[in-house]
Amino acid sequence: MKMPKYDFQWFEKEDGRKSYRASISKDGKLRLGKNLCKVLPEFIQVGFDSKFKVLAIADGHGAGIDWPQCGILTAQSLSSKIASTGLRFPISFLLVKDEATGYFLGQIFPRRQKVPGSAKKEYDADQLFIIYQHIVEDLVGRLAKSTPLAERRSCAEEAFYSAVQSYCPGYGDLEAYLEEQIQNKLILENKQYSAVYAQKSLDQPLVGEENSFCLYDMIEMSNDGGIGRLEERIAAEQFFKSLSKEERKLSRMLQEGYSMIQISEELNLTETQLIAMGREIGEKRRQFYDAA
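This is a predicted model, so every value here is computed, not measured. (Residues numbered from 1 in each chain as written. Predicted model: local features only at pLDDT ≥ 70, side-chain atom pairs only at ≥ 80, totals over all residues. Heavy atoms only, no water.)

1. Concerning the confidence of the model for the protein
Now for step 1: Model confidence for the protein is summarised by a mean pLDDT of 83, while 85% of its residues fall at 70 or above.
Now for step 2: Every residue in residues 197–209 scores below 50 in pLDDT, and together they form 29 contacts with partners more than four places removed in sequence or on other chains.
Now for step 3: Scored below 50 in pLDDT, residues 218–224 shows 19 contacts in the model against residues more than four places distant or in partner chains. (pLDDT = per-residue confidence, 0-100. Contact = heavy atoms within 4.5 Å.)

2. Comments concerning the pairing of strand β4 (residues 54–59)
Now for step 1: Among the 6 residues in β4, 5 count as buried, and that is most of the element.
Now for step 2: As paired elements, strand β3 (residues 43–49) and β4 share 6 bridges and run antiparallel to each other. Pairing of D49 across the sheet is with V54, part of β4.
Now for step 3: Where β3 folds back onto β4 in an antiparallel hairpin, the turn is made up of 4 residues, including K53, whose phi is positive at roughly 55°.
Now for step 4: Here β4 runs beside strand β8 (residues 104–108); their pairing, made up of 4 bridges, is antiparallel. Among the inter-strand pairings, L55 is bridged to a residue of β8, identified as G106. (Buried < 20%, exposed > 50% of the residue type's maximum accessible area, 1.4 Å probe, protein only. Helix = DSSP H or I, 4+ residues; strand = E, 2+ residues; numbered from the N terminus. Pairing = 2+ DSSP bridges.)

3. Section: a nonpolar patch on the surface
Now for step 1: Together, M3, Y6, F8 and W10 make up an exposed nonpolar region whose accessible area comes to about 620 Å².
Now for step 2: Looking at where W10 falls in the secondary structure, it is placed in the segment before β1 (20–24). (Patch = residues over 30% accessible without salt bridge, like charges linked within 9 Å, V, L, I, M, F, W, Y side chains within 5 Å. Areas by Shrake-Rupley, 256 points an atom, 1.4 Å probe, with all protein chains shown as cover. Salt bridge = Lys/Arg side-chain N within 4 Å of Asp/Glu carboxyl O.)

4. Examining the pattern of salt bridges
Now for step 1: One pass over the full model with this rule turns up 8 salt bridges.
Now for step 2: Put simply, E137 and R153 hold a salt bridge, and the shortest N to O gap is 3.3 Å. Placement of the pair is E137 in helix α4 (residues 133–142) and R153 in helix α5 (residues 149–166), with a sequence separation of 16 residues.
Now for step 3: According to the relative accessible area criterion, E137 is partly exposed, its value standing at 31%.
Now for step 4: Between E189 and K185 there is a salt bridge, with the nearest N and O atoms lying 3.5 Å from each other.

5. Looking at the packing of aromatic side chains
Now for step 1: For the coordinates displayed, the defined rule picks out 12 aromatic pairs.
Now for step 2: With a centroid separation of 5.5 Å and an interplanar angle of 50°, the aromatic rings of Y167 and Y177 are classed as tilted. Linking Y167 in the loop between α5 and α6 (174–194) with Y177 in helix α6, this pair joins segments that are 10 residues apart in sequence.
Now for step 3: Given the relative accessible area of 13%, Y167 is considered buried.
Now for step 4: Between Y171 and Y177 the ring centres are 5.1 Å apart and the planes differ by 20°, which places this aromatic pair in the stacked class.
Now for step 5: Relative accessible area serves as the criterion here: at 48%, Y171 is assigned to the partly exposed category.
Now for step 6: Relative accessible area serves as the criterion here: at 11%, Y177 is assigned to the buried category.
Now for step 7: One aromatic cluster is present, built from ring pairs that chain together Y123, Y167, Y171 and Y177.
Now for step 8: Note that R112 overlies the ring of Y123, its terminal NZ or CZ placed 6.0 Å from the centroid. (Phe/Tyr/Trp six-rings, centres within 6.5 Å; stacked < 30°, edge-to-face > 60°. Lys NZ or Arg CZ within 6 Å of the ring centre and 35° of its normal.)

6. Some words on the pairing of β3
Now for step 1: The pairing of β3 with strand β5 (residues 65–66) spans 2 bridges and is classified as antiparallel. When the bridges of β5 are listed, I44 appears paired with I65.

7. Structural notes on the nonpolar core
Now for step 1: Core analysis: the largest hydrophobic core is formed by 48 residues, its most contacted members being L32, I57, I82, F93 and F160.
Now for step 2: Sort the elements by how many residues they give to this core and α5 lands first, with 6 residues.
Now for step 3: Not counting the four nearest positions on each side in its chain, L32 is found in contact with R21, A22, C37, L40, I44, I57, W67, G71 and L73.
Now for step 4: Judged by nonpolar contacts, the second largest core, of 10 residues, contains F239, L250, I263 and I281. (Core = buried A, V, L, I, M, F, W, Y, C linked by side-chain atoms within 4.5 Å.)

Have a look at this one:
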């Protein structure tokens, strides 16, 4: 009997005791974990990014905070900054050293809380939404652009809360799981809006109405895959359709390499008028993509 050719991936036990941790409580006290204290310089600087909810600890180069050996220091201004985002205390951070900057960067480490009257533990979905809101906004801005903005934002938020409920540690990294679920939901819901482009080969059904199938279904559903390129093309088609007949003709002729003299003769407009029209198209493009 021929033995199969195995390709094992070996895993090491994860030891959380070796990680760098920090936490901040309601009283505005920043507590640095023992392992973190061992590697910090004598003077530090502490910062917080409100958008990505990331804590940063950097070398103060002799002029920053002289932190006590107990690892507990008062950080009222930091506490206020964090509270302004809507997050509730206490908050724990898991830090890693960024080799490029030398900073210790800390992502919030969300914990599950006991459900009242039950032994079950759940994440606070509203707290998680504050932590990962930048992911939702990024996906809404990049994907499913055929769907109206308000609808795709609503769809993304619904997918987020649903993913929080269905998540379990066995699915791997929480952030990656949430991102994948939101992305898939946005792309799935967007198909109904791509139907308006049925005259385009990508969306033209290959069979009848029943069990219809189109090339849109075959596109890779990844952040940097074909779906992104399709969305860009659909957005470009939407913008082109919004232009006047003359503006569309000017755009097409410029893309095809016609000279200004040839375009002027074709559209019966002066070069000054064509330049003004070009500027107007540019302004419309800016407004269109800002609103997308």
